[in-house]
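Remarks on the overall topology
The lines below spell out each chain.
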Amino acid sequence: MRTLIALALLGGAQANGRHDANGDVIASLAPEELAVSASGHLGDRPPSYDMWSTGDRSGPPPYPYPADRTYNTKGGPKEGMINVHLVPHTHDDTGWQVTVDQYFEREVYFIVDTIAQQLAEDPNRKFIYVETAFFARWWEQASDAKRDRMKKLVAGKQLEFINGGWCMHDEASPLWTAMVDQTTRGHQFLLKHFGPEANPRGTWQIDPFGHSNTEAWLLGAEAGMESLFWGRMDYEDRDMRFGLNQTSSTPEKPTTGGFEWIWEGSKSLGASAQVFAGNLYGTGQGGYSTWMNFDGSDDQINDDPRRHDYNVDQWVDKFVQDARAQAAHTLTDHQLWACGTDFQYQNADHWFRNLDKLMHYVNLNGSVNAFYSTPTIYTDWKHRNKSVVYEVRTDDIFPLADNAHDYWSGYFTSRPALKRQVRFATNLLSAARLLEVATNTTAAEVGRPTAKASPVVGDSWTDSLEGTVGVATHHDGMSGTERQDVTDDYEQRISESSFEVEAGVAASLAKLLKVDKAAIAHCNCNAAGDCLNMTVCAATTDAKSGFTIAAFNPLGQAQDAMLRVPVGVAGHWTCDDASGAPAPTQALPLDDRTKSLPLLYVNAFNMTLAEVAEEKAKLANKAVQVLAIRASLPAVGLTTLSCAPTPAAPRYALSDPPVTVADNADGTTTVANGFLELTFADKALVSLKNLDAGISTKLTATWGWYNSSVGGCTEYPDYLPKDVLEPPCSDQASGAYMFR
């Protein structure tokens with residue numbers, strides 16, 4: 001039995017907020033990172049009086065269990081008491097240590113499934129859920145009976161969707177359009193299956209590594225959200241707020257104490273875009289867990305006085321002490337306890353069985369008042385107290401710091417290739433939607449469904465790409481803080497879904513141009529179908545006599561765009577627009593390294609030399625140069641350019657006069673374009689000359705890099721006063737999360 005229990009606990013610990021895929025605590029996580037999801041436990045405070053359970057147990061127990069073993073979970077806020085809002089929740093990453101589908105099959109399915117079972121047992125129980133991409137996967141696999149039960153739980157306000165987005169998005173890396181898209185997608189799913197009563201009223205961004213004004217005003221107030229809570233806080237801001245007095249608050253001098261305030265994220269919208277916001281209290285240092293954790297841990301509430309481990313009196317005492325401690329740093333008599341953390345409630349009975357008991361006995365004690373709640377209920381009660389004036393903040397919450405040396409800025413640049421792919425896919429999605437609406441092109445007309453599609457929300461041919469981009473905006477996705485194999489999974493999903501969208505774009509353009517859709521090819525993916533970031537395009541390379549480019553501008557303003565396509569004919573090319581007017585062009589050399597990139601994807605394992613040669617010939621980039629074209633694109637409009645090789649120089653070149661390169665007798669090299677001349681010696685820039693004015697100046701360009709820290713100490717100058725200095729050392733190395 002002991003072995004079975006150990007295995008069960010190991011299984012529950014795998015690939016969550018502090019464990020890797022093998023169930024081991026991730027060694028590179030800083031203490032501050034571990035603290036964000038850390039929980040309190042029985043015994044972390046000394047008892048405030050002598051406990052019956054630890055004494056000689058003479059006399060009756062202080063908290064006899066109910067005769068029918070039915071615990072009183074009814075109740076709500078009471079005036080004049082400390083009101084503890086118990087908010088059961090789980091934080092489920094849509095990819096981090098393992099992929100989104102692996103997390104679902106191993107852990108999240110059981111979270112959603114057992115939550116529904118436990119909520120149905122008691123109408124007073126409540127739960128909040130965030131990541132609709134996971135919930136949609138459960139919904140696809142659920143029986144009609146389970147779906148009906150879930151609808152009743154949502155209608156009865158036992159299950160509340162908060163955020164409601166496809167994921168809990170990062171707030172630094174995605175475009176605002178991507179954050180809106182993934183949030184809208186999640187809300188559309190909820191509306192489709194549960195109706196307006198499921199509309200989220202608050203946001204729950206508990207794990208991202210900093211927060212933007214855009215989240216506050218656009219994804220918060222303007223999206224109809226009334227609250228915004230998170231789990232991470234800058235150490236100086238946290239210490240300042242923790243140490244301030246909570247008693248005085250007036251309109252002239254609102255308090256800056258406590259972890260909550262009013263966030264006014266938009267200067268132009270002002271007070272109309274305010275949202276109630278703040279950092280969750282955790283165990284006093286922030287974080288998205290709370291004073292206890294019952295998720296399969298050793299901490300369980302035993303209320304049978306015949307048992308050696310009877311401890312309900314200890315739990316009640318701890319609860320009251322914790323509530324009073326949090327009340328000293330919280331405005332109003334209402335406080336929120338986030339009951340849960342990463343991937344918890346896989347067996348929801350662990351939490352609810354203990355919370356039922358705790359609530360029953362705490363309320364029998366009468367020192368504080370406890371009840372099941374949600375952030376929406378909590379915010380409503382916060383707003384009812386008109387005597388408290390909260391501080392109004394207008395700044396953003398970037399970058400967070402754990403101490404004087406460790407700032408959460410590494411993820412601003414981590415995994416730049418994935419960041420680029422998500423940005424480009426976001427742009428493709430936006431343009432495709434415009435074409436879809438403008439041409440009324442349906443998925444049936446496109447006829448290219450994605451085989452491994454995202455859970456379905458709508459019937460559009462952009463639906464799957466919308467879902468894969470949405471998952472990748474996750475705060476451990478596009479941010480670049482996930483494992484490499486998880487990054488690969490995000491990239492693969494986006495690539496697979498892009499084919500259907502490209503086919504839809506082709507069908508839409510075919511309608512606008514009145515041609516057959518088979519006549520339209522794309523340069524976004526190569527012949528192998530893997531959408532690699534390489535200068536490869538069979539359609540333009542194989543067209544020896546020329547081709548026509550159709551370029552669509554989804555922006556609301558006209559623009560000049562530089563188009564670059566590889567071509568298979570060397571020499572001069574000319575391009576004319578639909579009116580016959582020439583477009584500026586220039587032929588650019590294609591270097592051998594770029595041409596060789598497709599060959600890196602030859603898998604020679606178990607292949608003969610002849611087979612390797614055949615595979616290389618199939619993947620080889622047959623382009624000989626790149627044709628650059630300046631295209632004038634109308635606002636939300638289409639431009640066509642007919643391009644063909646020509647024996648003469650183009651009538652209208654990009655570079656006019658042309659760029660010249662000359663090797664001089666003194667060993668220098670000059671590069672000139674008719675206006676400026678650069679001189680190089682020993683492969684280094686030495687001077688710049690203005691050819692019109694005949695004026696020269698010395699000019700050098702040097703390259704350098706920042707050698708990131710592996711941890712260590714900062715040497716302070718002797719003249720700095722010692723009493724104001726931060727500790728000089730930190731073992732935190734620069735990495736995906738933090739840059740040092």
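Here is a short report on the structure shown in this document. Treat the numbers as computed from the prediction; the structure is a model and nothing was measured. (Residues numbered from 1 in each chain as written. Predicted model: local features only at pLDDT ≥ 70, side-chain atom pairs only at ≥ 80, totals over all residues. Heavy atoms only, no water.)

**What to know about the sheet that holds strand β5 (residues 227–230)**
Here we have 5 strands laid out as an open sheet, ordered β4-β5-β7-β6-β10, and mixed in their pairing. What marks the edges here is a single partner per strand, and that holds for β4 (203–205) and β10 (392–393). (Pairing = 2+ DSSP bridges. Helix = DSSP H or I, 4+ residues; strand = E, 2+ residues; numbered from the N terminus.)

**Some remarks on the side chain of Glu260**
In this fold, Glu260 is placed in strand β6 (residues 260–264). Polar contacts involving the side chain of Glu260 include one to the side chain of Lys382, which spans 3.2 Å. Those residues in contact with Glu260 that sit more than four places away from it in its chain are Phe229, Phe276, Ala277, Gly278, Thr330, Tyr378, Lys382 and Tyr390. (Polar contact = N/O pair within 3.5 Å; in protein donor to acceptor, adjacent residues only side chain to side chain. Contact = heavy atoms within 4.5 Å.)

**Some points on the pattern of salt bridges**
Under the counting rule described, the total for this entry stands at 33 salt bridges. With a shortest N-O distance of 2.8 Å, Asp101 and Arg137 are connected by a salt bridge. Placement of the pair is Asp101 in helix α3 (residues 100–121) and Arg137 in helix α4 (residues 132–141), with a sequence separation of 36 residues. We classify Arg137 as buried; its relative accessible area is 9%. Of the charged contacts, one joins Asp303 and Lys357 as a salt bridge, the two residues approaching to 3.8 Å between their closest N and O atoms. Of this pair, Asp303 sits in the loop between β7 (274–279) and α9 (312–327) while Lys357 sits in helix α10 (residues 349–365); the two residues are 54 residues apart in sequence, bridging distant segments of the chain. Across this residue pair, the class does not change: Asp303 and Lys357 are buried. Through salt bridges with shared partners, a single ionic network connects Arg69, Asp303, Asp304, Arg306, Arg307 and Lys357. (Salt bridge = Lys/Arg side-chain N within 4 Å of Asp/Glu carboxyl O. Buried < 20%, exposed > 50% of the residue type's maximum accessible area, 1.4 Å probe, protein only.)

**Looking at the packing of helix α12 (residues 416–439) against helix α14 (residues 463–472)**
Look at α12 against α14: their axes get within 10 Å of each other, and the N-to-C directions meet at 150 degrees. The angle between the axes of α12 and α14 places the two elements in the roughly antiparallel class. Viewed along their axes, α12 and α14 form a crossing whose handedness is left-handed. Mapping the contact onto sequence places Val422, Ala425, Thr426, Leu428, Leu429 and Arg433 in α12 and Leu465, Glu466, Val469 and Ala472 in α14. Each residue belonging to the contact of α12 with α14 can be placed in one class, and the counts come to 7 nonpolar, 1 polar and 2 charged. (Axes fitted to C-alpha atoms, helices over the stretch in contact; angles between N-to-C directions. Parallel < 35°, antiparallel > 145°, perpendicular 65-115°, else oblique. Left-handed = near helix turned anticlockwise from the far one by under 90°. Nonpolar A, V, L, I, M, F, W, Y, C, P; charged D, E, K, R; others polar.)

**What to know about unusual backbone geometry**
The step from Phe398 to Pro399 runs through a cis peptide bond, and the omega angle for that step is -25 degrees. Examined against the element boundaries, Pro399 turns out to sit in the loop between β10 and α12. For Asn440, which is not a glycine, the phi torsion comes out positive at approximately 55 degrees. In the Ramachandran plot, Lys683 falls in the positive-phi region, its phi being about 65 degrees despite a non-glycine side chain. Mapping Lys683 onto the fold places it in the loop between β20 (676–681) and β21 (684–690).

**Points about the packing of aromatic side chains**
What the rule picks out here adds up to 39 aromatic pairs. Between Trp139 and Phe194, the aromatic rings sit 5.2 Å apart at their centres with planes inclined by 65 degrees, giving edge-to-face as the arrangement. Of the two residues, Trp139 is situated in helix α4 and Phe194 in helix α6 (residues 176–194); the sequence distance between them amounts to 55 residues. Among the aromatic residues, those joined into a cluster by ring pairs are Phe127, Phe294, Trp315, Tyr345, Trp351, Phe352 and Tyr372. Sitting over the ring of Tyr65, Arg69 keeps its end group 3.6 Å from the ring centre. (Phe/Tyr/Trp six-rings, centres within 6.5 Å; stacked < 30°, edge-to-face > 60°. Lys NZ or Arg CZ within 6 Å of the ring centre and 35° of its normal.)

**With respect to the packing of α3 against α4**
Between α3 and α4, the shortest axis-to-axis distance is 9 Å and the interhelical angle comes to 75 degrees. Taken together, the axis directions place α3 and α4 in an arrangement best described as roughly perpendicular. Judged by residue contacts, Val100, Asp101, Tyr103, Phe104, Glu105, Val108, Tyr109, Val112 and Asp113 of α3 engage Phe134, Phe135, Arg137, Trp138 and Gln141 from α4. Considered class by class, the residues forming the contact of α3 with α4 number 9 nonpolar, 1 polar and 4 charged.

**Topic: the state of the cysteines**
In the structure shown here, the tally under the stated rule is 2 disulfides. Covalently, Cys575 is tied to Cys643 through a disulfide, its sulfur atoms 2.1 Å apart. Residues Cys575 and Cys643 are joined through a disulfide that is right-handed, its torsion about the S-S bond being 115 degrees. One end of the pair, Cys575, is in strand β13 (residues 572–577); the other, Cys643, is in strand β17 (residues 637–646), and 68 residues separate them in sequence. (Disulfide = S-S within 2.5 Å.)

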